[in-house]
Amino acid sequence: MNNNPSFSFHIPTKIVFGCGEIKKLATEELPGKKAMVVISSGSSMKKYGYLDLVLRLLTENNVSAIVYDKIQPNPTKAHVMEAASICKEMGCDFVIGLGGGSSIDSAKSIAVMACNKGDYWDYISGGSGKGRDIQGALPVVAIPTTAGTGTEADPWTVITDEEKQEKIGYGNRYTFPVLSIIDPKLMVSIPPKLTAYQGFDAFFHAAEGYIAGCSNGISDLYALEAIRLLYKYLPKAVCDGNDLVARARVAWASTLAGMVESTSSCTSEHSLEHAMSAYYPALPHGAGLIAISQAYFNTFRNDCTKRYMKMAEVMTQSKSNRPSDFIEALERMQKECGVDQLALSEWGIQEEDFERFAANARDTMGGLFQFDPRPLSDEEIIAIYKESYR
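Description of the structure in this document. All figures in this text were calculated on a predicted structure; none of them were measured in a lab. Residues take numbers from 1 onward in each chain, read along the sequence in its written order. Note on the predicted model: pLDDT of at least 70 is required for a residue's local features to be given, and 80 or more for side-chain atom pairs to be given and counted; whole-chain, interface and lining totals, by contrast, use all residues. The side-chain numbers reported here are obtained from all heavy atoms of the structure, hydrogens and water having been left aside.

Moving on to the nonpolar core. Buried Ala, Val, Leu, Ile, Met, Phe, Trp, Tyr and Cys residues form a nonpolar core when they are joined through side-chain atoms within 4.5 Å. In this scheme, a residue with accessible area under 20% of its type's maximum is buried, one over 50% is exposed, and one in between is partly exposed, where area comes from a 1.4 Å probe on protein chains only. One finds Phe200, Phe203, Phe297 and Phe326 to be the most contacted residues of the largest nonpolar core, which totals 77 residues. Counting residues per element, this core draws most heavily on helix α6 (residues 217-239), at 12 residues. By the convention used here, residues are in contact when the closest approach between their heavy atoms is within 4.5 Å. Aside from chain neighbours lying at most four places away, what touches phenylalanine 200 is Leu234, Ile290, Leu330, Met333, Gln334, Cys337 and Val339. Core analysis: the second largest hydrophobic core is formed by 30 residues, Met36, Val95, Ala111 and Leu368 among them. Secondary structure elements are taken from DSSP: a helix is a run of H or I of four residues or more, a strand is a run of E of two residues or more, and numbering for both begins at the N terminus.

Written out as structure tokens, the structure reads:
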């Protein structure tokens, strides 16, 4: 945090949190009368009854709905454009994202394109995007069934243009959800590995936001509490997915980490991962972050010593005397969650990819580099990839 900070604080989302609180969807004032419910192409929303539950609660609230069910784990521009066209054709007046970050992010982007002409990339900054201003968006309701992205409490949405291999984050005041209902009971079905991947995504949102050059007193409060909760409870949620206490703590930490993204920023760790999954979309975002995390944070260990030590202290509840305490605590946490030996090669990544990853990261998500504790050289970026590679 700067010695003379200046910052703004604006999170206009109404948050309803708690086990069983999904029932409030039947009584909350919703922003329209016909919803497009956006879910993934997988089977979980239907298999576990989450979609039917949401549709029933909407009916009780006198809201009709249609369903769009094609969203991929790394959501694509093509599906955003297709869903937005259907949304307009069917007269939907708001969008519900139900599921993981990919579904909620897609809901935000669909809401944008339901109200704006042209191509989604016309409004994206970075890469080949044209960076035009939007003229509003449909209201968005977020119902996460995973704990990781924090997209229920921030304006950000990450979409991939597969043809151009560009994976870029976007957001503004129109893309904050107007309402987010976070019910940890909807998260008990997540398998252990995905629980870990998603939880570490939240952890890095908080940790990156804490070391970012734009961190401030508000974001620090959210970040440190998210880090504390995840270190203590994520391993428990991975070990026993039915542990509702652990699920609830991890879910709240994820939402807090989303608030960090609204008040501070991610750093270039996210840029480096986006480059990898832009070329290899089967790579889960959280897995990519985990794989590069120790090399990434080790690069800055002498640039924000006190902040590393503070993160170590809230994680271990012990006095820290050196910045490497944080790196060691992070390593222990990854071992406890069973994700300390991830091999990027399992997703097809090869060492000859590193240079194009580095170039892609700067071209598409270069803005995050300005928030790093100090400037990274291209040589350092490639060294992070090399050190992380298995």
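The next point concerns the sheet that holds strand β2 (residues 34-40). The strand order β1-β8-β5-β4-β2-β3 describes an open sheet built from six strands, whose pairing is parallel. The two strands at the open ends of the sheet, each matched to only one other strand, are β1 (14-17) and β3 (64-71). Neighbour to neighbour, the strand axes of the sheet diverge by 15 degrees on average, direction disregarded. Where helices are involved, their axes are fitted lines through C-alpha atoms of the stretch in contact, as for all axes, and angles between N-to-C directions lie from 0 to 180°. Strands β2, β3 and β4 (94-99) of the sheet are contacted by helix α3 (residues 77-89), whose axis makes an angle of about 165 degrees with β3. Whether two strands pair comes down to DSSP finding at least two bridges between them.

Only one rule defines a salt bridge in this text: a Lys or Arg side-chain nitrogen within 4 Å of an Asp or Glu carboxyl oxygen. All told, the structure shown has 22 salt bridges when counted by the stated rule. Salt-bridge contacts for glutamate 60 lead to arginine 56; the nearest nitrogen and oxygen are separated by 2.8 Å. Taken together, the positions of glutamate 60 and arginine 56, both in helix α2 (residues 50-60) and four residues apart, correspond to about one turn of that helix. Overall, the relative accessible area of 44% leaves arginine 56 in the partly exposed class. Taking the shortest distance from any N to any O, the salt bridge between lysine 167 and glutamate 273 comes out at 3.7 Å.

Another point: helix α12 (residues 354-365). Expected helix span is taken as 1.5 Å per residue step, with the number of steps being one fewer than the number of residues. Between its first and last C-alpha atoms α12 spans 16 Å; for 12 residues at 1.5 Å apiece the expected length is 16 Å, and the two agree. Every buried residue belonging to α12 is among Phe354, Phe357, Ala358, Asn360, Ala361, Thr364 and Met365, and all of these are buried. Burial along α12 is one-sided: seen end-on, the buried residues are contained in an arc of 165 degrees. For α12, the elements touching its buried residues are β7 (166-170), α8 (268-279) and α13 (378-388). The arc under discussion is defined with respect to the helix axis, by the directions toward the C-beta atoms.

This part takes up the pairing of β2. For β2, the buried fraction is high: six of the seven residues fall into the buried class. Pairing of β2 with β4 involves four bridges; the strand directions are parallel. Bridge assignment links methionine 36 to a residue of β4, and that residue is valine 95.

Taking 1.5 Å per residue as the helical rise, α8 with its 12 residues ought to reach 16 Å, and the 17 Å between its terminal C-alpha atoms agrees with that figure. Taken residue by residue, α8 has Ser268, Glu269, His270, Ser271, Leu272, Glu273, His274, Ala275, Met276, Ser277, Ala278 and Tyr279 as its buried positions. At its buried positions, α8 is contacted by β6 (157-161), β7, α5 (192-211), α9 (285-299), α12 and α13.

On to the packing of aromatic side chains. Both the distance between ring centres and the angle between the ring planes are used here to describe each pair of aromatic rings. Working definition: a ring pair exists when centres of Phe, Tyr or Trp rings (six-membered ring for Trp) sit within 6.5 Å. Plane angles under 30 degrees give stacked, over 60 give edge-to-face, the rest tilted. Scanning all chains against the criterion turns up 19 aromatic pairs. An aromatic cluster is defined as three or more aromatic residues linked by ring pairs; in this entry it consists of Phe200, Phe203, Phe204, Tyr296, Phe297, Phe300, Tyr308 and Phe326. Between arginine 249 and the ring centre of tyrosine 233, over which it is positioned, the NZ or CZ distance is 5.6 Å. Either the NZ atom of lysine or the CZ atom of arginine qualifies as a charge over a ring when it sits within 6 Å of the ring centre and within 35 degrees of the ring normal. When the ring centre of tyrosine 210 is taken as origin, the NZ or CZ atom of arginine 307, which lies over that ring, is 4.1 Å away.

Looking at the secondary structure, you find lysine 164 in the loop between β6 and β7. Once the C-alpha coordinates of lysine 164 and asparagine 302 are considered, the two residues, 138 residues apart in sequence, prove to be 37 Å apart. With near-sequence residues (within four places) excluded, lysine 164 lies in contact with Trp121 and Ser128.

So, about the pairing of β7. Counting buried positions over the five residues of β7 gives four, a clear majority of the element. Examined bridge by bridge, β6 and β7 share five bridges and lie antiparallel to one another. In the strand pairing of β7, threonine 157 is matched with tyrosine 170.

Moving on to the side chain of glutamate 208. Looking at where glutamate 208 falls in the secondary structure, it is placed in helix α5. Residues within four places of glutamate 208 in sequence aside, it is in contact with Ser265, Cys266, Thr267, Glu269, His270, Leu289 and Phe297.

Looking now at unusual backbone geometry. One non-glycine residue, asparagine 62, adopts positive backbone phi at about 60 degrees. Summarising the element assignment, asparagine 62 is placed in the loop between α2 and β3. For asparagine 62, a relative accessible area of 61% corresponds to the exposed category. Even without a glycine there, the phi angle at glutamine 165 is positive, about 55 degrees.

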